[in-house]
Amino acid sequence: MNQAWIDDVLGFWFGELTPKDWFTGSDEADERIRSRFLPVYEQLRKELPQSALTEPRAALAAIIVFDQFPRNIFRRKPEAFATDQMALQLSANAVEKGLDADMTQQERQFLYMPYMHSEVLADQERAVMLFSELGNEEARKYAVEHSEIVARFGRFPHRNRALGRESTQEELEFLKEHAGYGQ
């Protein structure tokens, strides 16, 4: 796989999409991502380029492919979360190696996002720390909110339906109060 995918992913994510597209899913954005990047997603799942472990832009692009794109491509399906662990491993590697050092605040936000998407409390605590250091109060607020949900339930209740998990009564009450959360 040549390196053009990196510029294509990053140009699309940070240049063609808007923050509204990132955080308020739409059928149009989902279809744009699916039609353009499903082949890239499938190829990277089969064979991750070494550059994703050593080069900042490649790491960020791979994290977006594994963490963000599936949430659009496979919305409301179990596959939406299938590569979360891969994204988290890439993020942890990038942070450990300091690949985030020269990234913009916006780029770092997406590099750290796999921590916020994890259902492991230690990862959530790391997310709060990373997002606090980022200096973006709104992003930090969401990291704290995600962490509190995982601390309370041990998982994200809004994923239960997609993942075929039984919701507890407490989770059902939470979902009523937070309609549309995480969709």
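Structural data are supplied above this passage.
Residues numbered from 1 in each chain as written. Predicted model: local features only at pLDDT ≥ 70, side-chain atom pairs only at ≥ 80, totals over all residues. Heavy atoms only, no water.

**Considering the packing of helix α9 (residues 137-153) against helix α11 (residues 169-177)**
Taken N-terminus to C-terminus, the directions of α9 and α11 make an angle of 155°; their axes are 11 Å apart at the nearest point. By the criterion of interaxial angle, the relationship of α9 to α11 is roughly antiparallel. Together, Ile-149, Arg-152 and Phe-153 of α9 and Glu-170, Glu-171 and Phe-174 of α11 make up the contact between the two elements. When grouped by side-chain class, the residues that make up the contact of α9 with α11 number three nonpolar, no polar and three charged. (Axes fitted to C-alpha atoms, helices over the stretch in contact; angles between N-to-C directions. Helix = DSSP H or I, 4+ residues; strand = E, 2+ residues; numbered from the N terminus. Parallel < 35°, antiparallel > 145°, perpendicular 65-115°, else oblique. Contact = heavy atoms within 4.5 Å. Nonpolar A, V, L, I, M, F, W, Y, C, P; charged D, E, K, R; others polar.)

**Concerning the side chain of Arg-108**
Looking at the secondary structure, you find Arg-108 in helix α7 (residues 105-117). In this structure Arg-108 is buried but unpaired, with Asp-100 as the nearest side chain of opposite charge at 4.4 Å. Among residues more than four places away in sequence, those in contact with Arg-108 are Asp-100, Met-103, Glu-133 and Leu-134. (Buried < 20%, exposed > 50% of the residue type's maximum accessible area, 1.4 Å probe, protein only. Lys, Arg positive; Asp, Glu negative; His and termini not counted. Salt bridge = Lys/Arg side-chain N within 4 Å of Asp/Glu carboxyl O.)

**Some points on α9**
In an α-helix, one turn spans 3.6 residues, which is why side chains three or four residues apart end up on the same side. Under the 1.5 Å per step criterion, the end-to-end length of α9 is 24 Å for 17 residues, consistent within 8% with the ideal 24 Å. Those residues of α9 not exposed but buried are Ala-139, Ala-143, His-146, Ser-147, Ile-149, Val-150 and Phe-153. Buried residues of α9, seen end-on, are gathered within an arc of 160° and therefore sit on one face of the element. Exposed side of α9, more than 90 degrees from the buried face: Glu-138, Glu-148 and Ala-151 are the residues found there. (Expected span 1.5 Å × (residues − 1). Arc of directions from axis to C-beta.)

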